[in-house]
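Overview (structure and organization)
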Amino acid sequence: FPSPQAMLDALLDALAFDPLAFVEELGPAEQLAALRKIVPLDVDVDELDQLNALDYDRRTELNRDVRAHRVRAESIVVPPGLPPAPVDTGALKDQLAAAARTNAAIERGAAERTRLADQAEQHSRYAAAHRRQIDELESAAINAEQHALEIRNDLAKLPPLSQPIDAEVLRRDLDAAEIVNGGMAARQARLNHEAAADRLETETAALTARIAEREAAKADAVARAALPIPGLGFGNNCVTFEGLPFDQAADSDQVRISVAIAMRVNAARGDRRLDVVRIR
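Residues numbered from 1 in each chain as written. Predicted model: local features only at pLDDT ≥ 70, side-chain atom pairs only at ≥ 80, totals over all residues. Heavy atoms only, no water.

1. Digging into the overall build of the chain
Counting secondary structure elements, the chain contains eight helices and three strands. Overall, the chain shows an N-to-C arrangement of helices and strands of α-α-α-α-α-α-α-β-β-β-α. In terms of C-alpha radius of gyration, the chain reaches 50 Å, well past the compact-globule figure of 19 Å for 280 residues. In terms of principal-axis extent, the alpha carbons of the chain reach across some 165 × 45 × 25 Å. The average position of the 34 basic charges and that of the 46 acidic charges among the side chains of the chain differ by 2 Å. (Helix = DSSP H or I, 4+ residues; strand = E, 2+ residues; numbered from the N terminus. Rg over C-alpha atoms; globule rule 2.2 N^0.38 Å. Lys, Arg positive; Asp, Glu negative; His and termini not counted. Charge placed at Lys NZ, Arg CZ, Asp CG, Glu CD.)

In structure tokens:
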């Protein structure tokens, strides 16, 4: 033998088993694999863990979206006293345009009346000047006077001008309506974010329920299994004891559990070894 120690280790391994190999030589994942070999379960724990991992990730993502929607909803300022429905700014704009057209027509009518009055006055002055002239200008004076009379008659026949529409009032109403509609849009945006957050919270609650059902199925399977020591369990990539990871158990509990598992493994091998425990 090139190595006496290797020879002694081989002989000891053939005759006895090391009760502390589970706690001293195996990592958490290897401990979990070793326990599953000697304690078969009637459910697929790996599949349940994979499904739970997917749901954990999805729930984390949904909770992040919930927080984002809540923050966005809180950041939207909704002015108080909004009406139940948006204000019809189109009607106000139509009224404002109609007021502008009416006022423009009134201004044109007033200018036309001023122009006509000026013309009448001018012709009256022509008439007065003609009367002061010699007889040859009398005919022209009479014609100018007649023309002035006709213009005055036409002016008198025109309908009275209506009062101008106060367009400033309509502009203020339009500005107020746009402010109200902006507030209502902000309120709707906030409601949309809150509704999205509620939907996501409902989905996270369903994920939590599914995770709890799988964990309960795992716990029931472990409870039905013939474990070497009461309190052992199958955790996520590790063995658990009393609900905590195995490496957090007291040293005395780790030794007691390791010995029990080693004895179970040795018994499962039949008569390949003697009932000898190796204590260093």
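2. Considering the packing of helix H4 (residues 45–75) against helix H7 (residues 167–224)
Look at H4 against H7: their axes get within 8 Å of each other, and the N-to-C directions meet at 160 degrees. By the angle between their axes, H4 is roughly antiparallel relative to H7. Crossing handedness for the pair H4 and H7: left-handed. Of the residues in the contact of H4 with H7, the class split is 13 nonpolar, six polar and 17 charged. (Axes fitted to C-alpha atoms, helices over the stretch in contact; angles between N-to-C directions. Parallel < 35°, antiparallel > 145°, perpendicular 65-115°, else oblique. Left-handed = near helix turned anticlockwise from the far one by under 90°. Nonpolar A, V, L, I, M, F, W, Y, C, P; charged D, E, K, R; others polar.)

3. Notes on unusual backbone geometry
Phi is positive for Glu242, close to 55 degrees, though the residue is something other than glycine. Mapped onto the elements of the fold, Glu242 is located in the loop between strand E2 (239–241) and strand E3 (244–245). Exposure remark for Glu242: the relative accessible area of 57% places this residue in the exposed category. (Buried < 20%, exposed > 50% of the residue type's maximum accessible area, 1.4 Å probe, protein only.)

4. What to know about the confidence of the model for the chain
Averaged over every residue, the pLDDT of the chain is 83; the share at 70 or more is 92%. Confidence, read as mean pLDDT per element, is least for helix H1 (residues 4–15) in the chain (79) and greatest for E3 (90). (pLDDT = per-residue confidence, 0-100.)

5. Concerning the side chain of Asn52
Considering the arrangement of structural elements, one finds Asn52 in helix H4. Sequence-distant contacts of Asn52, that is, excluding residues within four places in its chain, are made with Arg210, Ile211, Arg214 and Glu215. (Contact = heavy atoms within 4.5 Å.)

6. As for the nonpolar core
Counting residues in each nonpolar core, the largest one holds 18 residues, and the members touching the most others are Leu35, Val39, Leu232, Phe234, Val239, Ile257 and Ile261. Those elements that place two or more of their residues in this core are helix H3 (28–38), strand E1 (232–234), E2 and helix H8 (251–268). If we skip the residues at most four places from it in the chain, Val239 touches Phe22, Pro28, Gln31, Leu32, Leu35, Leu232, Gly233, Leu244, Pro245 and Phe246. (Core = buried A, V, L, I, M, F, W, Y, C linked by side-chain atoms within 4.5 Å.)

7. As for the sheet that holds E3
Overall, antiparallel pairing links the three strands, which are arranged E1-E2-E3 in an open sheet. Looking along the sheet, the strands with just one partner apiece sit at the ends: E1 and E3. Along the sheet, H3 contacts E1 and E2; its crossing angle with E1, the most-contacted strand, is approximately 105 degrees. (Pairing = 2+ DSSP bridges.)

8. Some points on the pattern of salt bridges
According to the stated counting rule, one finds 11 salt bridges in the structure shown. The salt bridge partner of Arg214 is Asp55, with a shortest N-O separation of 2.6 Å. Here Arg214 is found in helix H7, whereas its partner Asp55 is found in helix H4, with 159 residues between them in sequence. For Arg214, a relative accessible area of 14% gives the class buried. The partner of Glu74 in a salt bridge is Arg190, with the nearest N and O atoms 3.5 Å apart. Of this pair, Glu74 sits in helix H4 while Arg190 sits in helix H7, and the two are 116 residues apart along the sequence. Here the salt bridges share partners, and the residues they tie into one network are Asp55, Arg210 and Arg214. (Salt bridge = Lys/Arg side-chain N within 4 Å of Asp/Glu carboxyl O.)

9. Quick word on the layout of surface pockets
By volume, the second largest pocket is sized at about 270 Å³. Together, 16 residues line the second largest pocket, and Glu215, Lys218, Phe234, Gly235 and Asn236 are the ones closest to its centre. When residues of the lining of the second largest pocket are traced back to their parent elements, those giving at least two are H4, H7 and E1. For the lining of the second largest pocket, the residue count by class is six nonpolar, seven polar and three charged. (1 Å grid on protein atoms, 1.4 Å probe; cavity = no way out; pocket = protein on both sides within 12 Å on 5 of 7 lines; lining within 4 Å. Points joined across faces, edges and corners; volume = space filled by probe spheres on them.)

10. Side note on H3
Taken together, the buried positions of H3 are Gln31, Leu32, Leu35 and Ile38. The buried residues of H3 all sit within an arc of 135 degrees when viewed along its axis, so they share a single face. Within H3, the exposed residues directed more than 90 degrees away from the buried face are Ala29 and Lys37. (Arc of directions from axis to C-beta.)

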